[in-house]
Amino acid sequence: MKLDIERVRADFPILLRQIHDKPLIFLDSAASSQKPLPVLQAMEAAYRQCYANVHRGVYTLSEEATCSYEAARDKVASFINARAREEVIFTRNTTEAINLVAYTWGRANIGPGDRILLTEMEHHSNIVPWQVLAQERGAELVYLPVTDDGRLQMDRLDDLLDERVKLVAVTMMSNVLGTITPVREIVRRAHAIGAVVLVDGAQGVPHLPVDVQDIGCDFLAFSGHKMCGPSGIGVLYGREALLEGMPPFLGGGDMIRRVELHRSTWNDLPWKFEAGTPAIVEGIGLGAAVDYLEGLGMEAVAAHERETVAYALERLAALPGMRILGPPAEARGGVVAFTFRDIHPHDLAHLLDLEGIAVRAGHHCAQPLHKRLGLVATTRASFYLYNTPQEADRLAEALEKAARILGKAG
Amino acid sequence: MAQSPYRERILDHYRNPRHRGRLEGPDLVGEADNPVCGDRVRLELRLDEAEQVVEAAFGGDGCVISMAAASMLAEQVHGLNLEELRGLTEKDMLAMLGVELGRARTQCALMPLRALQAALKALPTR
Ligand SMILES: Cc1ncc(COP(=O)(O)O)c(C=O)c1O
């Protein structure tokens, strides 16, 4: 099924906005996506009609709120094809999900001399928690390098995967290069030496069909706000056996079965990892976002993005002085980071904003990757289900205009 | 509606920077940087006996806003004494540029002032 792009766009009220008297062209969904009406309506309805704290309440409102919140968990579980709802832990975002694993599984399983294998294209949130853990436990970080055209050097993987590697943490899609990584293959090889694999799905889950059983990963982390849902809610998927064996993360209400003065016992999964009042309405909003994406079909979403990005790549590559990072269209998702002539990314982003176009400038939380590519900062346009080839045209025109204003030759 | 800061006066300072370069044996040197974009500004000043700026130079890499601001600041500090240099505020720096900037770009505009402040801080108290 093909996306009906006009209908999709009509679902996102913010796309009617004018910025500096020009129609908004939103090309920063890799940072955070816009929200469709069904998500906004589900959240408003939750606050207006069935809001109360979840879990312990006996009264009707609390029952209703609990049902909606827990229904969202079922939706997420089915969306990623988890074996059981108990494998879906709600967190604040990807970052918190990764930290949860680092603080619980990591402290229990990583010791002196152990290695954690990352890749050079990771987001800071899939680097820093492991640095903290490695420092604390006397472990070592090793990195799978990237090629000049922004792919993982898979021929180096087996060298790096030795018996010291206890964990592999890898992104499903680079938020700078757009590269879609062969996570299934990485999981297969990592499991062969007994390593646990965490997949950073912050960019992958919003844009690609994801099946955790097919990928075979042990953990998957992602954020609601990048997949049409609200901020403040994210997900850690974990294999049940691993989650069962892990100590809890934060202590407090909801995560306990029984509390005595000097000791407590833990609640069942998934609540063992959800201390305190959760992001109730955000969870419900995420459930609505999953319904929305499933209604369109993730295959259709991915196909639409592939087409739009292929067009954008072609259009941008034709501009003199354009350097696009990352692999060709067939190996990437909706992210296009580039440098243009020698125009500073801040100036480009600013000049594009004056044309109503929202892009991001900077290192996109991937400083090691930029360093590897010999860059400090880039400009990034990221496309999602509501973007069109016409918007790529407008981007290319606005870039040419920026070059004229700054008088920069190609 | 916000106006474009990319106006002739700013672009002129960017394309034809005043006082870009280095001084030999400056009395004051300060640097500031922004790790988000890798921009850096270095400001060097020479003072006379009355502790007034007689020469200024700046260097570094950055966007139009930060480099134009550095050029303007290097021009404006001429003749100021230490007390006047210390008295320069963010408001003064933004007024020199004379354009409206959002929260993010204001940081670019203020980088040269941060370099000046770093230089003053490093000054041995006499
Ligand atoms: C690949 C990747 N990992 C992790 C994150 C962190 O996501 P969050 O800020 O929602 O925790 C991002 C978001 O920018 C990302 O793109």
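Definitions and limits used
Residues numbered from 1 in each chain as written. Chains lettered and ligands numbered in written order. Predicted model: local features only at pLDDT ≥ 70, side-chain atom pairs only at ≥ 80, totals over all residues. Heavy atoms only, no water. Phe/Tyr/Trp six-rings, centres within 6.5 Å; stacked < 30°, edge-to-face > 60°. Helix = DSSP H or I, 4+ residues; strand = E, 2+ residues; numbered from the N terminus. Buried < 20%, exposed > 50% of the residue type's maximum accessible area, 1.4 Å probe, protein only. Lys, Arg positive; Asp, Glu negative; His and termini not counted. Salt bridge = Lys/Arg side-chain N within 4 Å of Asp/Glu carboxyl O. Polar contact = N/O pair within 3.5 Å; in protein donor to acceptor, adjacent residues only side chain to side chain. Contact = heavy atoms within 4.5 Å. Near = heavy atom within 4 Å. Areas by Shrake-Rupley, 256 points an atom, 1.4 Å probe, with all protein chains shown as cover. Nonpolar A, V, L, I, M, F, W, Y, C, P; charged D, E, K, R; others polar. Pairing = 2+ DSSP bridges. Axes fitted to C-alpha atoms, helices over the stretch in contact; angles between N-to-C directions. Parallel < 35°, antiparallel > 145°, perpendicular 65-115°, else oblique. Domains from an automatic or database assignment. Buried area = accessible area lost by both parts, 1.4 Å probe. Core = buried A, V, L, I, M, F, W, Y, C linked by side-chain atoms within 4.5 Å. Left-handed = near helix turned anticlockwise from the far one by under 90°.

S.K.: Just give me the short version of the packing of aromatic side chains, but keep the residues and values in it.
M.R.: Residue and element names in this part refer to chain A. Considering all chains together, one arrives at 6 aromatic pairs over all chains under this definition. Relative to Phe-249, the ring of Tyr-103 has its centre 6.2 Å away and its plane inclined at 35 degrees; by these criteria the two rings are tilted. Of this pair, Tyr-103 sits in helix α4 (residues 94-109) while Phe-249 sits in the loop between α10 (240-245) and β11 (256-259), and the two are 146 residues apart along the sequence. Residue classification places Tyr-103 among the partly exposed residues on the basis of a relative accessible area of 31%.

S.K.: Could you give an account of the side chain of Lys-226 of chain A, with specific residues and numbers?
M.R.: Residue and element names in this part refer to chain A. The residue Lys-226 is located in the loop between β9 (219-223) and β10 (234-238) in this model. Salt bridges are absent for the buried Lys-226, whose nearest opposite-charge side chain, Asp-28, sits at 8.1 Å. Here Ala-30 takes part through its backbone oxygen, which lies 2.9 Å from a polar atom of the side chain of Lys-226. A distance of 3.1 Å separates a polar side-chain atom of Lys-226 from the backbone oxygen of Ala-31.

S.K.: Run through the environment of His-123 of chain A, naming residues and quoting values.
M.R.: Residues and elements named next belong to chain A. Along the polypeptide, His-123 turns up in the loop between β5 (115-119) and α5 (128-137). For His-123, a relative accessible area of 22% translates into the label partly exposed. On a C-alpha basis, the gap between His-123 and Gln-135 in space is 19 Å, while along the polypeptide they are 12 residues apart. What His-123 contacts, discounting residues up to four positions off in sequence, is Asn-175, Asp-200, His-364 and Cys-365.

S.K.: Describe the site of the ligand, naming the residues involved and giving the relevant values.
M.R.: Residue and element names in this part refer to chain A. Close contacts around the ligand come from 13 residues, with Thr-95, Asp-200, Gln-203, Ser-223 and Lys-226 the closest. With respect to the ligand, the backbone of Thr-94 contributes an N or O atom lying 3.4 Å from an oxygen atom. Compared with its free state, where it exposes 390 Å², the ligand has 88% of that area covered by protein. Residue classes in the shell around the ligand are distributed as 1 nonpolar, 10 polar and 2 charged.

S.K.: So what about the pairing of strand β1 (residues 28-34) of chain B? Which residues, and what values?
M.R.: Residues and elements named next belong to chain B. On β1, burial follows the alternation: Leu-28, Gly-30, Ala-32 and Asn-34 on one face are buried, whereas Val-29, Glu-31 and Asp-33 on the facing-out side are not. Sheet analysis places β1 next to strand β2 (residues 39-47), joined by 7 bridges and oriented antiparallel. For Ala-32, the partnering residue across the bridge sits in β2 and is Val-41. Here β1 folds back onto β2, and the loop between the two strands holds 4 residues, one of which, Gly-38, carries a positive phi near 80 degrees.

S.K.: Let's hear about the packing of helix α1 (residues 8-15) of chain B against helix α2 (residues 64-76) of chain B: which residues, and what values?
M.R.: Residue and element names in this part refer to chain B. One way to put it is that α1 packs onto α2 with a least axis distance of 8 Å and a crossing angle of 85 degrees. One finds that α1 runs roughly perpendicular with respect to α2. Every residue of α2 that contacts α1 at Arg-9, Ile-10, Leu-11, His-13 and Tyr-14 is listed here: Val-64, Met-67, Ala-68, Ser-71, Met-72 and Glu-75.

S.K.: Explain the domain arrangement of chain A to me, and be specific about the residues and the numbers.
M.R.: All names here are of chain A. Each assigned domain of chain A is listed with its residue range as follows: domain 1 (5-28 + 297-405) and domain 2 (50-295). For domain 1 versus domain 2, the separation of C-alpha centres amounts to 28 Å. Of the roughly 2,600 Å² buried between domain 1 and domain 2 on both sides combined, carbon and sulfur atoms contribute 60%. Of all residues in domain 1, Met-298, Leu-369 and Arg-372 bury the most surface against domain 2, accounting for 25% of the area lost on that side. Inspection of the region where domain 1 meets domain 2 yields 2 salt bridges. The partner of Arg-372 in a salt bridge is Glu-120, and the shortest N-O contact between them spans 3.4 Å.

S.K.: Pulling in residues and values, what's your account of the side chain of Thr-119 of chain A?
M.R.: All names here are of chain A. Relative to the assigned elements, Thr-119 resides in strand β5. For Thr-119, a relative accessible area of 3% gives the class buried. Within the structure, the side chain of Thr-119 is placed 2.6 Å from the side chain of Glu-122, a separation counted as a polar contact. Setting aside residues no more than four positions away along its own chain, Thr-119 makes contact with Tyr-143, Leu-144, Leu-152, Ala-169 and Val-170.

S.K.: Pulling in residues and values, what's your account of the nonpolar core?
M.R.: Residue and element names in this part refer to chain A. Residues Leu-220 and Leu-385 are the most contacted members of the largest nonpolar core, which totals 79 residues. Ranked by the residues each element gives to this core, the list is headed by helix α11 (residues 280-296), at 10 residues. Mapping this core onto the domain boundaries places at least three of its residues in each of domain 1 (5-28 + 297-405) and domain 2 (50-295). Discounting chain neighbours no more than four positions away, the residues touching Leu-385 are Leu-3, Ile-5, Val-8, Phe-12, Cys-228, Tyr-292, Leu-293, Leu-296, Val-301, His-304 and Glu-305.

S.K.: Outline the packing of helix α13 (residues 345-353) of chain A against helix α15 (residues 389-406) of chain A, listing residues and values.
M.R.: All names here are of chain A. Orientation of α13 relative to α15, taken along the N-to-C sense of each, is 115 degrees, at an axis distance of 9 Å. Taken as a pair, α13 and α15 cross one another with a handedness that is right-handed. From α13, Asp-347, Leu-348, Leu-351 and Leu-352 reach across to α15, where they touch Leu-395, Ala-398, Leu-399, Ala-402, Ile-405 and Leu-406. Among the residues making up the contact of α13 with α15, the classes are represented as 9 nonpolar, no polar and 1 charged.

S.K.: Lay out the sheet that holds β5 of chain A in plain terms, naming residues and giving numbers.
M.R.: Residue and element names in this part refer to chain A. Spatial ordering of the open sheet is given by β4-β10-β9-β8-β7-β5-β6, a layout of 7 strands whose pairing is mixed. Pairing within the sheet leaves two strands with one partner each, and these edge strands are β4 (88-91) and β6 (140-144). Sheet twist, expressed as the average angle between the axes of neighbouring strands with direction ignored, equals 20 degrees. When strand β7 (residues 165-171) meets strand β8 (residues 196-200), the two strands line up parallel, connected through 5 bridges. Along β8, the bridge assignment pairs Thr-171 with Asp-200. Against the sheet, helix α7 (residues 183-192) engages β7 and β8, with an angle of about 180 degrees to β7.

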